[in-house]
Amino acid sequence: QDGNVIVADYHNDCIRKVAAHLTPPRLISQPIRPAHESSSFFADLQKGLESSDFHDVTFVVGSERMPAHRFLLASRCEYFRS
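On a predicted model such as this, the values are computed, not experimentally measured, just so you know.

Q: Requested: an account of the overall build of the protein chain, with residues and values cited.
A: Within the protein chain, the regular secondary structure consists of 2 helices and 4 strands. Going residue by residue from the N terminus, the α and β elements of the protein chain occur as β-β-α-β-β-α. Every one of the 82 residues in the protein chain was classed for burial, and the buried ones make up 17%. Considering only residue pairs separated by 6 or more positions, the protein chain has 14% of its internal contacts joining residues 24 or more positions apart. For the protein chain, the exposed area adds up to about 6,900 Å²; of that, 55% sits on carbon and sulfur atoms.

Q: Provide a residue-level description of the packing of aromatic side chains, including the pertinent values.
A: Inspection of the entire model under this criterion finds 3 aromatic pairs. With centroids separated by 5.2 Å and ring planes inclined at 80 degrees, the aromatic side chains of F41 and F42 adopt a geometry described as edge-to-face. Since its relative accessible area comes to 44%, F42 is described here as partly exposed. For the ring pair F59 and F80, a centre distance of 6.0 Å and an interplane angle of 75 degrees mean the geometry is edge-to-face. One end of the pair, F59, is in strand β3 (residues 57-61); the other, F80, is in the segment after α2 (70-76), and 21 residues separate them in sequence. According to the relative accessible area criterion, F80 is buried, its value standing at 16%. In this structure an aromatic cluster arises from ring pairing among F59, Y79 and F80.

Reading the values: rules and limits
Residues numbered from 1 in each chain as written. Predicted model: local features only at pLDDT ≥ 70, side-chain atom pairs only at ≥ 80, totals over all residues. Heavy atoms only, no water. Helix = DSSP H or I, 4+ residues; strand = E, 2+ residues; numbered from the N terminus. Buried < 20%, exposed > 50% of the residue type's maximum accessible area, 1.4 Å probe, protein only. Contact = heavy atoms within 4.5 Å. Areas by Shrake-Rupley, 256 points an atom, 1.4 Å probe, with all protein chains shown as cover. Phe/Tyr/Trp six-rings, centres within 6.5 Å; stacked < 30°, edge-to-face > 60°.

This is the structure in structure tokens:
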């Protein structure tokens, strides 16, 4: 939310929060999909990602707690697959 990035530092076996000063992406209120599609899959997926009910990992950096989804981390980064 504050434009920072979480970085897995393999060489030092740690996770760091980097002040990147990025502008967070704009949330899309309604997923874009072809008009003929009636599935709510993408809307349901977005709700699940935004809901704190399904967070199963929490990173603690200093005094800040950052909830995350292990399946998403593991699907994007080898470090979290073990």
